[in-house]
Amino acid sequence: QGPLVESGGGAVQSGGSLRLSCAASGYTSSSNCMGWFRQAPGREREGVAAIDSDGSTSYADSVKGRFTISRDSAKNTVYLQMNSLKPEDTAMYYCATATDRSSCGGSWNYVWRYSYWGQGTQVTVSS
């Protein structure tokens, strides 16, 4: 397995909820910028949310008020709670870490900023 492993994806109806998990190994995720990205077929990978070592969070405008990123330092795991899901949220969701950064900053949603990526977990939302 790689340093990041996502889980928790699935198929839900519009308005439903899912909680994605990203388990880190080999390093302490709480000391790094951790991000969630998603990619739909034919679309570029886009940033969804990020959390830095101080607990500061960033969200894409499309998910603000619906998604919440958090972490459990004891479990070395980052979560993405997704509520009020919409069909447009359908995508493969990836967890990523910027091991050389403790603060995500204004470039949190840039793919090239991240060093390691998980294998992805599929989220499908039906209308």
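Described in the following lines is the structure provided in the data block. As the structure is a computational prediction, the values presented were derived from the model and not from experiment.

### Looking at the packing of aromatic side chains
Next, step 1: A complete count under the given rule lists 4 aromatic pairs for this structure.
Next, step 2: Their ring planes at 80 degrees and their centres at 5.1 Å tell us that phenylalanine 37 and tyrosine 114 sit as a pair that is edge-to-face. Taken as a pair, phenylalanine 37 in strand β4 (residues 33–39) and tyrosine 114 in the loop between β9 (91–98) and β10 (116–117) lie far apart in primary sequence, 77 residues in all.
Next, step 3: Look at tyrosine 114 and you get buried, because its relative accessible area is 7%.
Next, step 4: Note on tyrosine 110 and tryptophan 112: the rings are 6.2 Å apart at their centroids and 75 degrees apart in plane angle, and the pair reads as edge-to-face.
Next, step 5: With relative accessibility at 42%, the residue tyrosine 110 sits in the partly exposed group.

### Re the environment of glycine 105
Next, step 1: Position of glycine 105 relative to the elements: it lies in the loop between β9 and β10.
Next, step 2: The exposure class assigned to glycine 105 is partly exposed, which follows from its relative accessible area of 34%.

### A closer look at the side chain of aspartate 89
Next, step 1: Relative to the elements of secondary structure, aspartate 89 occurs in the loop between β8 (77–82) and β9.
Next, step 2: Here arginine 66 takes part through its side chain, which lies 2.7 Å from a polar atom of the side chain of aspartate 89.
Next, step 3: Residue contacts for aspartate 89: discarding those within four places in its chain leaves Arg38, Arg66, Phe67, Ser84, Val123 and Val125.

### Things to note about the state of the cysteines
Next, step 1: Tallied over the entire structure, the rule returns 2 disulfides.
Next, step 2: A sulfur-sulfur distance of 2.0 Å marks the disulfide that ties cysteine 22 to cysteine 95. Here the disulfide of cysteine 22 and cysteine 95 is left-handed, its torsion about the S-S bond being about -75 degrees. Of this pair, cysteine 22 sits in strand β3 (residues 18–24) while cysteine 95 sits in strand β9, and the two are 73 residues apart along the sequence.
Next, step 3: In this structure cysteine 22 comes out as buried when scored by relative accessible area, which is 1%.
Next, step 4: Relative accessible area serves as the criterion here: at 0%, cysteine 95 is assigned to the buried category.
Next, step 5: Disulfide pairing is shown between cysteine 33 and cysteine 104; the S-S distance is 2.2 Å. Taking the torsion about the S-S bond as the criterion, the cysteine 33 to cysteine 104 disulfide, at about 110 degrees, is right-handed. You can see cysteine 33 sitting in strand β4 and its partner cysteine 104 sitting in the loop between β9 and β10, a full 71 residues away along the chain. The pair cysteine 33 / cysteine 104 is uniform in exposure class, with both members buried.

### Some remarks on the pairing of β3
Next, step 1: With 5 of 7 residues buried, β3 lies mostly within the body of the structure.
Next, step 2: Relative to β3, strand β1 (residues 4–7) runs antiparallel, the two being bridged by 4 bridges. The residue bridging serine 7 from the neighbouring strand is serine 21, located in β3.
Next, step 3: Relative to β8, β3 runs antiparallel, the two being bridged by 6 bridges. Across the sheet, serine 21 pairs through a bridge with tyrosine 79, a residue of β8.

Each value, and the rule that gives it
Residues numbered from 1 in each chain as written. Predicted model: local features only at pLDDT ≥ 70, side-chain atom pairs only at ≥ 80, totals over all residues. Heavy atoms only, no water. Phe/Tyr/Trp six-rings, centres within 6.5 Å; stacked < 30°, edge-to-face > 60°. Helix = DSSP H or I, 4+ residues; strand = E, 2+ residues; numbered from the N terminus. Buried < 20%, exposed > 50% of the residue type's maximum accessible area, 1.4 Å probe, protein only. Polar contact = N/O pair within 3.5 Å; in protein donor to acceptor, adjacent residues only side chain to side chain. Contact = heavy atoms within 4.5 Å. Disulfide = S-S within 2.5 Å. Pairing = 2+ DSSP bridges.

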